[in-house]
Structures are given as C-alpha cells and as structure tokens.
Amino acid sequence: MKAVVTTEQGAKPEVAEVSTPQPTAGEVLVKVQASSINGFDLSVAAGYVVGMMEHRFPVVLGKDFAGTVETVGEGVTRFAVGDKVFGVVTKAYLGDGGFGEYVSVPEAVGIAKLPEGVDVTTAGTVGLAGTAAVDALDAAGPQAGETVLVSGATGGVGAIAIQYAAAAGATVIATAKPGEEADFVRGLGAHQVVDHTGDLPAQIRAAAPDGVDVIVHLAGDGSVLAGLLTEKGRIASTVGFGADQHPAATFIMANPTPETLERLAADLAAGRLSVPIERTFTLTEVPAAFGEFTGGTRGKIAITVS
C-alpha cells in the first residue's frame, strides 16, 4: 500500500510502498479515507520520540484516521466489515499510522463508529485534537460563570477547547493575533481576545482583573500564565507543564477512549461542535503539508487518503 513513512530516526517523511497491515486478534483493519496532521506527527518525524516509544521502521506516520472497516481480527465484537469508523491510532509502539491506505487498530481504544451526518474528512481531523481538548477541560472542570484562558487558541485543540468552554457557560479569553486570527477565535465563541505577541500578562489582567479560573495551556510559558490564576485556579497543559512545575497544573496526555470519541462524534452530528479545516492535502502531499503546519494554522490541516 501507499503510505507516508520515516525509515529511520530523523529521516525526512517520504511516500513509499509498504506492506498492508493485517489485523491481529482484537484488531480491525480500516481502509483509510481521511486523516490530519498533529504536532505529534512532526515530533515522530523529527526523531524526538525515539527512546520514549518503540519504533518499528518503516514507521507509517499519522495518528488520526477515518474510513471503513475492511476486515476484523479474531475476537472482535464491536465492529463489522463495512462499518464507518474514526479515531486515533493507539498502540504501545510506533509503526502503524493513519497516513496510509490501510491501518490496523485495536478495537478496545482509539476507535468509534462514525454517525450519519458527519463527513469523513471532518472525522479524520477530530480524533486526537478533540480528545486533547475534552481531556483538558475535564481535568480543569470549568464552571458556568468562570473565566477560561485558552493559550494557543488558534490550532486544532484550541479551536475545539474554545467551543466546549463556551458551551459550559464560561467566559473565554483566547490568544490570537489581531485581524484574521482574532476574528477566527471570536467566531468559535471566544468572548475576549488577547494578542500573544504583545504583553500577554498585562492584557489578561486587564480582561480579568480578578484572575482567570482555568487555563487551557497549549502554548506559551506556563509559569508566566500560572501567575494569572485565581486562588482556586487550575491549569490543564498538553505541553509538559504539570504538577512538578505548579501545584495547580495537570499534564494532559490525550486518551482516546471510546466514550470520548463517541461524545465528539455525537456533538459533531448534532451541530454542537465544528472542526475548522484551514486546508486539505492529499496523501502524497503530506511532506509538504508538514511545512504548512509548522507555520501555524487556524484549525486543522486535513489529509485525504482515498
């Protein structure tokens, strides 16, 4: 099958022909139609994850996937051939990925059925970013009437976090540059916008004189942001700022449980959630799309596979 792989530590991603994976017991084989780029994919391609996870080269990149179940392994009960599914490749090693024509994934975690009314391209962008946003907000628990700062608001995780925080009844402050970025986050539900290229603490203090109750930390200096919390404020961070750095902080590693994925799918189907897609690339264009992602995005970069 055709896939985007890295052949050794630090090797540049390339399009190659590799063997089609076969599902083992408890796994399903998905014919992939869509995926998307996440920061984790760039970290793997750059070799930053070597030593943290086993790599089985050639590593097929890509965490997100959406498509149709092609075959099922022994003992699979949740899915059948022909089911439309989406999710996040969740294995103890790196080797199988969503940037290929097929991917094998365990049925127990990282996969859910795709409901009617959700297009496959959107489904291919929501898995990892949506899970990270949900897990961060579940950890921080914003309440109606509280103030939530989303730092790193314009990316895929931030775009989803804004929507969920606003839906919880919180006042959302989002970081974005003036102009198109600011309009983008306001369109997702942000009540106030602060420019992260300026004096961020001063702007946040002006917007929330009593401090912020919750910080969804996706970018920026966590220690600086922590100084803006109220007495009972909480931080949920996806970028390594946890309890070792501040007692109010929780480091989030996205866990795409079936329940979380089903929640995301239901919210998409009902129109309670949208995933903004800035640009779409084909599978063979993934190496070029990495450069686009590095330059910053408003929402997600989607990948169409078939």
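This text goes with the structure placed above it.
Every value quoted in this text rests on a predicted model; they were computed, and no experiment measured them.

A. Looking closely at the packing of helix α2 (residues 120–140) against helix α7 (residues 258–270). Running from N to C, α2 and α7 point in directions that differ by 115 degrees, and their axes come no closer than 9 Å. Here α7 runs roughly perpendicular to α2, going by the angle between their axes. Regarding α2 and α7, the two cross each other, and that crossing is right-handed. Across from Thr122, Val126, Gly127, Gly130, Thr131, Val134, Asp135 and Asp138 in α2, the residues of α7 making contact are Thr260, Leu261, Arg263, Leu264 and Leu268. By residue class, the composition of the contact of α2 with α7 is five nonpolar, five polar and three charged.

B. Representation of the sheet that holds strand β12 (residues 171–175) in the model. Sheet architecture is open: six strands sit in the order β13-β12-β11-β14-β15-β16, paired in parallel fashion. Strands at the two margins of the open sheet, each flanked by one partner only, are β13 (192–194) and β16 (249–251). Looking at each pair of strands side by side, their axes are set apart by 20 degrees on average, direction ignored. With five bridges connecting them, strand β14 (residues 212–217) and strand β15 (residues 229–237) associate as parallel partners. Bridge pairing links His217 to Ser237 in β15.

C. Structural detail: the pattern of salt bridges. Under the defined criterion, the tally for this structure stands at 12 salt bridges. Among the salt bridges present, the one from Asp83 reaches Lys113, with a minimum N-O distance of 3.9 Å. Residue Asp83 is located in the loop between β6 (64–72) and β7 (84–88), and its partner Lys113 is located in strand β10 (residues 111–113); the two are separated by 30 residues in the primary sequence. With relative accessibility at 18%, the residue Asp83 sits in the buried group. Salt bridges sharing common partners tie together Glu27, Lys91 and Asp96.

D. Representation of the pairing of β14 within the structure. Of all six residues in β14, six are buried; the element is thus mostly enclosed. Note that strand β11 (residues 147–151) and β14 share four bridges and pair parallel. From the neighbouring strand, Val150 faces β14, where its bridge partner is Val216.

E. Molecular detail of the sheet that holds strand β2 (residues 14–17). Taking strand neighbours across the sheet as the criterion, the three strands line up as β2-β1-β5 in an open arrangement whose pairing is antiparallel. Both outer strands of the open sheet, β2 and β5 (59–60), are each paired with one neighbouring strand and no more.

F. Expanded view of the packing of α2 against helix α3 (residues 156–167). Taken N-terminus to C-terminus, the directions of α2 and α3 make an angle of 45 degrees; their axes are 8 Å apart at the nearest point. Considering their axes alone, α2 and α3 lie oblique with respect to each other. Note that α2 runs across α3; the crossing there is right-handed. Across the interface between the two elements, Val126, Ala129, Gly130, Ala132, Ala133, Val134 and Leu137 from α2 touch Gly156, Val157, Ile160, Ala161, Tyr164 and Ala165 from α3. Counted by class, the contact of α2 with α3 contains 11 nonpolar, two polar and no charged residues.

Rules used throughout
- Residues numbered from 1 in each chain as written.
- Predicted model: local features only at pLDDT ≥ 70, side-chain atom pairs only at ≥ 80, totals over all residues.
- Heavy atoms only, no water.
- Axes fitted to C-alpha atoms, helices over the stretch in contact; angles between N-to-C directions.
- Helix = DSSP H or I, 4+ residues; strand = E, 2+ residues; numbered from the N terminus.
- Parallel < 35°, antiparallel > 145°, perpendicular 65-115°, else oblique.
- Left-handed = near helix turned anticlockwise from the far one by under 90°.
- Contact = heavy atoms within 4.5 Å.
- Nonpolar A, V, L, I, M, F, W, Y, C, P; charged D, E, K, R; others polar.
- Pairing = 2+ DSSP bridges.
- Salt bridge = Lys/Arg side-chain N within 4 Å of Asp/Glu carboxyl O.
- Buried < 20%, exposed > 50% of the residue type's maximum accessible area, 1.4 Å probe, protein only.

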